[in-house]
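Understanding the architecture of this molecule
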Amino acid sequence: MKKSVYSLVLMDSVVDEVDRLALLRGTSRSNMINQILAEHLSCPTPEMRMRDIFGQLEKMLDQADIFQIQPQPSDAMMSIRSSLKYKYKPTIRYSVELFRKPSDCFGLLKVSFRTQSTQLVAQLERFFLHWAELEKQYLAGKFAKPIRYTLEDGRLTRTLMLPSDPSCCGNQTLGSAIYRYIRSFDQILKHYFSLLEDPGLALRQMEVEYQKELARNNLLI
């Protein structure tokens, strides 16, 4: 959306309140004023789009008892926690970051763990690498551009892709799609770790479960 510079004369008390809201939402004064005016005049903004997507995601997360929503650092981010039943009792963190200007992808999903175990980190990276290989195999050609991945210090970062069908790109639909992807990823990850006594079986079963979730259209994002 195009932006221009304008001069406004405002009361100090109004500016103080705007600054307070801007600080709470992690944004600038000018962007906060833009959001307030846009909401009052019913003009869509990137912030409204992100709040709609996160609102739908939060609604679905509230219906599940395996996730905990963490304090949101900004309008563009949401953090979600899940626990893994493993001897080190690590916490899984899913961070969703939405872009103000979507293109072929509209955000990032980051998956990380709080653990000091080098053994666990190695197992996690093995899972992440195999997950990326499965997506490259089964999702080839599904999106305008390939999914992009980064694996660093035991954290997986993946682009969230816009579906090729425009009818599937609505805010509510995208919020639901993010939830289904995270839920499927979380379920498959936990199943994988429950089978680690037989690493070969864990990888084979991981692909079987991935195929099942893909058939339910839970991974197309």
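You'll find the structure just up there.
What you see is a predicted model; the values in this text were computed from it and never measured.

Analysis parameters
- Residues numbered from 1 in each chain as written.
- Predicted model: local features only at pLDDT ≥ 70, side-chain atom pairs only at ≥ 80, totals over all residues.
- Heavy atoms only, no water.
- Salt bridge = Lys/Arg side-chain N within 4 Å of Asp/Glu carboxyl O.
- Helix = DSSP H or I, 4+ residues; strand = E, 2+ residues; numbered from the N terminus.
- Buried < 20%, exposed > 50% of the residue type's maximum accessible area, 1.4 Å probe, protein only.
- Core = buried A, V, L, I, M, F, W, Y, C linked by side-chain atoms within 4.5 Å.
- Contact = heavy atoms within 4.5 Å.
- Patch = residues over 30% accessible without salt bridge, like charges linked within 9 Å, V, L, I, M, F, W, Y side chains within 5 Å.
- Areas by Shrake-Rupley, 256 points an atom, 1.4 Å probe, with all protein chains shown as cover.
- Lys, Arg positive; Asp, Glu negative; His and termini not counted.
- Charge placed at Lys NZ, Arg CZ, Asp CG, Glu CD.
- Axes fitted to C-alpha atoms, helices over the stretch in contact; angles between N-to-C directions.
- Parallel < 35°, antiparallel > 145°, perpendicular 65-115°, else oblique.
- Left-handed = near helix turned anticlockwise from the far one by under 90°.
- Nonpolar A, V, L, I, M, F, W, Y, C, P; charged D, E, K, R; others polar.
- Phe/Tyr/Trp six-rings, centres within 6.5 Å; stacked < 30°, edge-to-face > 60°.
- Pairing = 2+ DSSP bridges.

1. Some points on the pattern of salt bridges
Close approach of charged atoms allows side chains with opposite charge to pair. A full pass over the atoms with the stated rule returns 10 salt bridges. Of the charged contacts in the structure, one is a salt bridge between R148 and D104, with a shortest N-O distance of 3.3 Å. A residue pair is termed long-range when its members are at least 10 positions apart, and R148 in the loop between α4 (118–138) and β5 (149–152) and D104 in the loop between β3 (91–98) and β4 (105–114) qualify at 44 residues. With a relative accessible area of 40%, R148 lands in the partly exposed category. Among the residues examined, D104 registers a relative accessible area of 15% and is labelled buried.

2. Looking at the nonpolar core
Nonpolar side chains tend to gather and get buried jointly when the protein is soluble and globular. Counting residues in hydrophobic clusters, the biggest one holds 53 residues, and the most contacted among them are Y94, I178 and F185. Of all the elements in the fold, those that place two or more residues in this core are α3 (46–62), β2 (77–83), β3, β4, α4, β6 (155–161), α5 (171–194) and α6 (199–215). Top element by residues in this core is α5. It accounts for 11 residues. Look past the residues within four positions of Y94 in its chain and what remains in contact with it is F67, M78, S79, I80, S82, L109, K110, V111, I182, F185, D186 and L189.

3. Describing a positive patch on the surface
A cluster of like positive charges, contributed by R81, R93, R114 and R155, occupies part of the molecular surface. Mapped onto the fold, R93 is located in strand β3. A relative accessible area of 39% means that R93 is categorised as partly exposed.

4. Notes on the packing of α3 against α5
The geometry of α3 relative to α5 is characterised by a closest axis approach of 8 Å and an angle of 45° between their N-to-C directions. One way to sum up the angle between α3 and α5 is to call them oblique. Once α3 is placed against α5, the crossing between them reads as right-handed. Residues R49, D52, I53, Q56, L57, M60 and L61 of α3 lie in contact with α5, whose contacting residues are N171, Q172, L174, G175, S176, I178 and Y179. For the contact of α3 with α5, the per-class residue count stands at seven nonpolar, five polar and two charged.

5. Focus on the packing of aromatic side chains
A full pass over the atoms with the stated rule returns 15 aromatic pairs. Measuring from ring centre to ring centre gives 5.6 Å for Y192 and F193, while their planes differ by 80°; the resulting arrangement is edge-to-face. F193 shares its class with Y192; the two are buried.

6. Section: the pairing of β2
Of the pairings in the sheet, the one linking strand β1 (residues 68–69) to β2 comprises two bridges and is antiparallel in character. Opposite I69, over in β2, you have I80 as the bridge partner. Taken together, the seven bridges between β2 and β3 define a ladder with antiparallel strand orientation. By the bridge assignment, S83 is partnered in β3 with T91.

7. Considering the sheet that holds β4
Read across the open sheet, the six strands follow the order β1-β2-β3-β4-β6-β5; overall the sheet is antiparallel. Edge positions in the sheet fall to β1 and β5, since each of these pairs with one other strand and no more. Examined bridge by bridge, β4 and β6 share six bridges and lie antiparallel to one another. Counted as the bridge partner of G107 is L160 from β6. In the packing of α3 onto the sheet, the strands contacted are β1, β2 and β3, and the crossing angle to β2 comes to about 15°. Along the sheet, α4 contacts β4, β5 and β6; its crossing angle with β5, the most-contacted strand, is approximately 170°.

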